[in-house]
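# Residue-level structure breakdown
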Amino acid sequence: MPVTLDNKLVIAISSRALFDLGESHRVFEEQGLAAYSEYQVAREEEPLAPGEAFPLVEKLLRINQRLEGDARVEVVLLSRNSADTGLRVFNSIQHYELAISRAAFCGGASPWRYVNAFGCHLFLSTEPEDVRNALECGVAAATLVSSKGAKGADDQLRFAFDGDAVIFSDEAERVFKLEGLEAFTASERASARKPLEGGPFKPFLAALHELQQAFPPAEAPIRTALVTARSAPAHERVIHTLRAWNIRIDESIFLGGLDKADFLRAYQADVFFDDQETYCRSAGSHVATGHVPHGVANDPR
């Protein structure tokens, strides 16, 4: 029987998100592909410095050490490098003893085409176009936009999500954008017991929830939080939606328009996902932040 990644949480990550490839990328931009290739090959025994998502990946992979049997978390590398120039990336993976064995090196082409083939629940990249394409394929995806990826004080992995257009569809946000706060509030009050449709991160949140069930509640290595600009009475529909989905979120923070950054820092988020670039810029000075280019807030029309 062939090996499968079924029943695993599968995270795909680009090489530039996992490692700091800023210097070599500048060589590519300023001198071209041939110079970039020479640069990487000449330094393939020099480990790359950790990148924005490195602490997140470390924590994800450590979850496997707490479970008996087969690994439940799989991290897959998706890279625009060729296998030749990507050798430095794999040597760096070995240097840091990261349990990553599967990869697609695409020789300059976009690697997002492989997110469904690997069965990925989440794709993290620094390339916005790749992220948009992955979202269109039905996979949760985000562009890492911050310069903050500090390692947390413990091994618990804390995810934070915006609600509308991330966990939920953008149906309510469209009312707010087109008709204003008063219409939004009236609409959400009238639809309080009607579950929202799922957004691009619903399947990923469901996969996290399933993995959490493998641990006693007090010992779960994953914690989730909803950090939303909503407030009462618009909170009620959110609660009924999560009940209908049978998905538990550990913490729900309804801010009523307050800046999210201080709350994310207090929660000690390892990563935060939001569809609005304004919130991403604010949060990015405190925590690793992924922009989700989905929904009405990202509609260029």
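Read on for an overview of the structure. In this text, all values refer to a predicted model and were calculated from it rather than measured experimentally. (Residues numbered from 1 in each chain as written. Predicted model: local features only at pLDDT ≥ 70, side-chain atom pairs only at ≥ 80, totals over all residues. Heavy atoms only, no water.)

## Description of the state of the cysteines
Disulfide: a covalent bond formed between the sulfur atoms of two cysteine residues. For clarity, the cut-off: Any pair of cysteine sulfurs within 2.5 Å is marked as a disulfide. When accessible area is computed with a 1.4 Å probe and restricted to protein chains, residues below 20% of their type maximum are described as buried, those above 50% as exposed, and intermediate ones as partly exposed.
Going through the model one piece at a time under the given rule, you end up with zero disulfides. Here Cys106 stays unpaired: no disulfide links it, and the sulfur of Cys120, its closest cysteine neighbor, is 12 Å away. Judged by relative accessible area, Cys106 falls into the buried class, the value being 14%.

## Structural notes on the environment of Trp245
Defined as follows: Secondary structure elements are defined from DSSP: runs of H or I of at least 4 residues count as helices, runs of E of at least 2 residues count as strands, and each element is numbered from the N terminus.
Secondary-structure assignment places Trp245 in helix H10 (residues 235–245). Separated by 169 residues in the primary sequence, Trp245 and Val76 place their C-alpha atoms 28 Å from one another.

## A look at the packing of helix H7 (residues 171–179) against helix H8 (residues 181–190)
Worth spelling out the cut-off: Convention adopted: a line fitted to C-alpha atoms gives each axis, helices being fitted over their contacting stretch, and angles between N-to-C directions are expressed from 0 to 180 degrees. Angles are sorted into four bins: roughly parallel if under 35 degrees, roughly antiparallel if over 145, roughly perpendicular if 65 to 115, and oblique for all others. Helix crossings get a hand from a simple test, with the near helix turned counterclockwise from the far one by less than a right angle marking a left-handed crossing and a clockwise turn marking a right-handed one. Only heavy atoms matter for contacts: two residues are in contact if any of them lie within 4.5 Å across the pair. For this classification, Asp, Glu, Lys and Arg are treated as charged, while Ala, Val, Leu, Ile, Met, Phe, Trp, Tyr, Cys and Pro are nonpolar and the rest, including Gly, are polar.
H8 packs onto H7 with a crossing angle of 150° between their chain directions and a minimal axis gap of 7 Å. As the angle between them shows, H7 and H8 are arranged roughly antiparallel. Note that H7 runs across H8; the crossing there is right-handed. Counting all contacts with H7, which are made through Ala172, Val175, Phe176 and Glu179, the residues of H8 involved are Leu181, Ala183, Phe184, Ser187 and Glu188. Among the residues forming the contact of H7 with H8, the class breakdown is six nonpolar, one polar and two charged.

## Here's the deal with the packing of aromatic side chains
Where two aromatic rings form a pair, the distance of their centres and the angle of their planes describe that pair. Inclusion rule: Under the pairing criterion, centres of Phe, Tyr and Trp rings, with the six-membered ring standing for Trp, must be within 6.5 Å; the plane angle then separates stacked pairs below 30 degrees from edge-to-face pairs above 60, leaving the rest tilted. Consider the ring centre and the ring normal. A charge sits over the ring if Lys NZ or Arg CZ is within 6 Å of that centre and within 35 degrees of that normal.
Overall, the coordinates contain 14 aromatic pairs when judged by the stated rule. What links up through ring pairs into an aromatic cluster is the set Phe159, Phe161, Phe201, Phe204 and Phe273. In this arrangement the basic side chain of Arg43 is found over the ring face of Tyr39, its NZ or CZ atom lying 3.8 Å from the centre. Lying across the ring of Tyr279, Lys260 places its NZ or CZ 4.1 Å from the centre.

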